[in-house]
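The residues making up each chain are set out below.
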Amino acid sequence: MDMFGKAAKTAKEVGDTVIHSAKSIGGSIYNATKEQSELASLNIQKSVIEKKLEESYAAIGKRYVAYIEKCDSNVAFDVSDVLEAMKPDLEKLADVKLQIDTKEALIREGNEERARKKAQEEFEATKQKLDKALALDVLTQLEYDIKLEIAQKRYDNHELLRKIEIQLEMGIITKAEYDEKVKSILR
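Residues numbered from 1 in each chain as written. Predicted model: local features only at pLDDT ≥ 70, side-chain atom pairs only at ≥ 80, totals over all residues. Heavy atoms only, no water.

K.L.:
How should the overall build of the chain be read in this particular structure?
P.N.:
Along its length, the chain carries six helices and zero strands. Seen in sequence order, the chain has helices and strands lined up from the N terminus as α-α-α-α-α-α. Classification of the 187 residues of the chain by burial places 25% in the buried group. Considering only contacts in the chain between residues 6 or more positions apart, those separated by 24 or more positions represent 59%. Put simply, the chain shows about 13200 Å² of open surface, and 56% of that area lies on carbon and sulfur atoms. (Helix = DSSP H or I, 4+ residues; strand = E, 2+ residues; numbered from the N terminus. Buried < 20%, exposed > 50% of the residue type's maximum accessible area, 1.4 Å probe, protein only. Contact = heavy atoms within 4.5 Å. Areas by Shrake-Rupley, 256 points an atom, 1.4 Å probe, with all protein chains shown as cover.)

What follows is the structure, encoded as structure tokens:
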């Protein structure tokens, strides 16, 4: 079994172990873990192929240096045999890169869907609390309407708020800037 096969097998075994463990935790975590595991496996495959191709590139480089040293203008520089040998790996690499792009898009969509679902659940929980508080006369109708409107804006703008939160986590904006941006959205 070549290095590519061994690496792919190891990645699959690790992925299968992670997937098996995740199944017991729950469906959405299982799916997210499965997708991440498959992505990791694809990235390992990509690395193995790229490493194998580096050997071919080095062979081309060595052959070119030898050609230049001889400086025989009557003989053409020919690496068609190396390029032909590289062709299956280049095709496989292109396929793996496409699979990686597809998997990353699928993971992003899953993350976005989970974020939307979480925002909806938070809105519904807030609305239930507000409904209960209104029914118990803990809030006036005006207070209820204001708080519900803020919760609705938070839900409607969850994607924008999530991006602002990521900016804060990445250190792009300060806590004060974060607070100001959130406040301006929720007004």
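K.L.:
Would you explain the packing of aromatic side chains in this entry?
P.N.:
The description of an aromatic ring pair uses the distance of the two centres, along with the angle that the planes make with each other. Within the structure shown, the criterion is met by two aromatic pairs. Between Phe123 and Tyr155, the ring centres sit 5.7 Å apart and the planes meet at 25°, which makes this aromatic pair stacked. A residue pair is termed long-range when its members are at least 10 positions apart, and Phe123 in helix α3 (residues 80-135) and Tyr155 in helix α4 (residues 141-156) qualify at 32 residues. Exposure remark for Phe123: the relative accessible area of 14% places this residue in the buried category. (Phe/Tyr/Trp six-rings, centres within 6.5 Å; stacked < 30°, edge-to-face > 60°.)

K.L.:
What should I look at first to understand the nonpolar core in this one?
P.N.:
Soluble globular proteins tend to pack their nonpolar side chains together in the buried interior. Core analysis: the largest hydrophobic core is formed by 12 residues, namely Leu39, Leu42, Ile49, Leu53, Ile60, Val79, Val82, Met86, Leu93, Val96, Ile100 and Ile107. The set of elements that each furnish at least two residues to this core consists of α2 (27-70) and α3. Considering each element in turn, this core owes the most residues, six residues, to α3. In contact with Ile100, other than residues within four places in its own chain, are Leu39, Leu42, Asn43 and Lys46. (Core = buried A, V, L, I, M, F, W, Y, C linked by side-chain atoms within 4.5 Å.)

K.L.:
Sorry if this is basic, but what is going on with the side chain of Glu35 here?
P.N.:
Position of Glu35 among the secondary structure elements: in helix α2. When residues no more than four places from it in sequence are discounted, the contact partners of Glu35 are Lys103, Leu106 and Ile107.

K.L.:
I keep staring at a nonpolar patch on the surface and nothing clicks. Help me out?
P.N.:
A cluster of nonpolar side chains, contributed by Tyr64, Ile68 and Phe77, occupies part of the molecular surface with about 270 Å² of accessible area. Secondary-structure assignment places Tyr64 in helix α2. (Patch = residues over 30% accessible without salt bridge, like charges linked within 9 Å, V, L, I, M, F, W, Y side chains within 5 Å. Salt bridge = Lys/Arg side-chain N within 4 Å of Asp/Glu carboxyl O.)

K.L.:
For this particular structure, what's the right way to read unusual backbone geometry?
P.N.:
Backbone geometry follows two general trends: most residues other than glycine have a negative phi, and most peptide bonds adopt the trans configuration. Phi is positive for Asp137, which is not a glycine, with a value near 60°. Topologically, Asp137 is positioned in the loop between α3 and α4. A residue is classified by how much of its surface remains accessible, and Asp137, at 68% relative accessible area, is exposed.

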